Structures are given as C-alpha cells and as structure tokens.
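Chain by chain, the residues:
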Amino acid sequence: MPSISHPRPPSASPPVISVVGLSKTYASGFCALRNIDLEIRRGEIFALLGPNGAGKTTLISIICGIVNPGDGKVLVDGHDIVRDYRAARALIGLVPQELTTDAFETVWATVTFTRGLFGKPANPVYIERLLKDLSLWGKKDSRLLALSGGMKRRVLIAKALSHEPKILFLDEPTAGVDVELRRDMWQLVRRLRETGVTVILTTHYIEEAEEMADRIGVIDKGEIILIEDKVELMRKLGRKQLTLQLQERLSAVPPSLARHRLELSAGGEELIYSYDSGRERSGILELLKDLGDAGVRFKDLHTTQSSLEDIFVSLVHDGGGVRKQR
C-alpha cells in the first residue's frame, strides 16, 4: 500500500461536522456517549479509534440520523441534524458494519435506486464509473443474494457513494474482508479525498489509520480522550527503544545502571533502553558512558519507533490521561 507522504494542512474554513456537548443514554440506562466535542475538517481523513463498546458506532449513527441524539448539538455543513435532517443527511454517505442488502435486487438496480432516494437525477455514467472503481462492473446484473461477502461489502460502498455525498462514513469497513477489497477501498478513499470528500472511518486495523488518516481521535467508554494530528501524535507520544546486543550474557542489570531503567531481554543477551523521542536529550550518550564504566560491552545496537497501535493501547490502558488536542 503506497504511503501518503504529507497530511493536509488544517483548513481555515468552518468544520464540515461540528459536535458540541453530545451525550446519549439509552432506555436501558446505558450511557453510550458523554459530553462529546468534535470538529471534523473539510476534506480530511479522520480516523476514530476505540475498543469494542467505546461509542464509535453510536456517535456515527447519531451524526448520520440513524439514532436520536440525547443532549447536545450536531451540525453537518451548517445544517442541524434534527431541525434540518433532510439537508444534513443528503450530504452523507454511510458504509455500515452490517451487510444489509436487498437480496433479490441486482447490483445495478440497488445502487441506482439508492441514488434516487436522495432525489438525485439518473446518472448511468457516474454509476458505471463507481461500479468499475469498486470492481463491481462484471457483477452489475447479478442478484445480491448470489454475491460473496466481500462483493456485498463493495455494494454497500457503492450505495453509500451513489448520491455523490460530500462526507463519507466508513464504520469498520474492512473487518473480515479480503486483501484485494481492502486495497481497492483505500485507493478509492484517496481519490475521494482528492476531490474534496471528507472521510471519517472507524477501524480495528490500526495500521490503516496510521497509513491513511490526517488526524486521529481516540474514544473510550463514551468519551473522547484525545484528538490530534497523526504526525504530531506520533511525535508527542511516540517512544523509541534502543536495543543493545551484549557481548556477554548478564544475569541482572548492574546497580550502577539503575537510573537508566534498562530491561534485560533475550535471556540476558540484550539490554533495552526506552526513551521519549520528543525530548531534546535522549540520554543515550550518558547511557553509553555508564555502560563503559560498568564494563558492559555490546556488539551491536538498533533503535525502533513505537507504532500508533502502541500509543493507542497505552492511551486506553492509562484511562485517558492525555488531554484532548485540536
């Protein structure tokens, strides 16, 4: 998968989605969302990460008009999702987690019909291009019940894009799909962004968020615990590890090296030193000097950078101790 070298700069225009003080408690008493504040920039790819039950799907469902909001306010390109529901919903395409399709319809018929539901005039040229982009053209006359799960997922994406929305929500879009579909989908997402479409995705495939997103949001237990530009998040919270392969096995870290908080690994044949990549001083020079003074010799060393997955796990484990960033 080719990488995107630079994220888009923050837009000076008003946010395309604005969520203020949004809370949601279901009739059972379960509080799914707690005082959510969120702004999505026009034309960005925003990844929302969180464990199962964190509130990701509830948040998306409220913005898309599927679930009634509780307290708070949501605007979609300036349209209130309650007072001006029709205008707000017309701007949105949603690819849900569930494979819900009209089983006896053909691919062409269901995608065309969905476009018509939004009041859009027929545009067979656009539908043809969309189906070809999603490798569905050869299945256009097939009934949905005859399609594989991966093909049905492609149809859901085609339906979500049938009315040419300005905002696309992808709720766990690649869960359980084949590698080919995942590749096609992200190629399509890149092309959509280049045309100005805003893309919001939830995913358990954290490497996809790291690959694709401009900004990352982390939600846990119904609360947004962090929103940050991806590159800045990696810079601020990313950690590096220096691994030293020792010439001689150690049974324990010498007391004189205690201040460096080293870890023994590989049965005493490696020392691991963790440090904050954002700090001005890494402490490596002091470590190497102290190793020499302690008579610890090494034959090789290398560094590794923590991934977005490491950061995400750390944030959720720490219970959201990081302040929200904009």
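Residues numbered from 1 in each chain as written. Predicted model: local features only at pLDDT ≥ 70, side-chain atom pairs only at ≥ 80, totals over all residues. Heavy atoms only, no water.

(A) Layout of the packing of aromatic side chains. The full count for this structure, using the stated rule, is one aromatic pair. Ring geometry for Trp108 and Trp137: centres 6.1 Å apart, planes at 70 degrees, overall edge-to-face. One end of the pair, Trp108, is in helix H3 (residues 107-117); the other, Trp137, is in the loop between helix H4 (124-133) and helix H5 (149-161), and 29 residues separate them in sequence. Above the ring of Tyr26, the side-chain terminus of Lys24 is found at 5.2 Å from the ring centroid. (Phe/Tyr/Trp six-rings, centres within 6.5 Å; stacked < 30°, edge-to-face > 60°. Helix = DSSP H or I, 4+ residues; strand = E, 2+ residues; numbered from the N terminus. Lys NZ or Arg CZ within 6 Å of the ring centre and 35° of its normal.)

(B) Quick peek at the sheet that holds strand S10 (residues 223-229). Taken in spatial order, the six strands of this open sheet run S6-S7-S8-S3-S9-S10, and their pairing is mixed. One side of each edge strand has no neighbouring strand; the edge strands of this open sheet are strand S6 (92-95) and S10. Direction aside, neighbouring strands of the sheet carry axes that sit 15 degrees apart on average. Where S6 and strand S7 (residues 167-171) come together, four bridges link them in parallel fashion. In the strand pairing of S7, Leu94 is matched with Phe169. Sitting on the sheet, helix H1 (residues 56-63) is in contact with strand S3 (45-49), S6, S7, strand S8 (198-202) and strand S9 (215-220), with an inclination near 150 degrees to S7. The sheet strands contacting H5 are S6 and S7, and the helix crosses S6 at an angle near 170 degrees. (Pairing = 2+ DSSP bridges. Axes fitted to C-alpha atoms, helices over the stretch in contact; angles between N-to-C directions. Contact = heavy atoms within 4.5 Å.)

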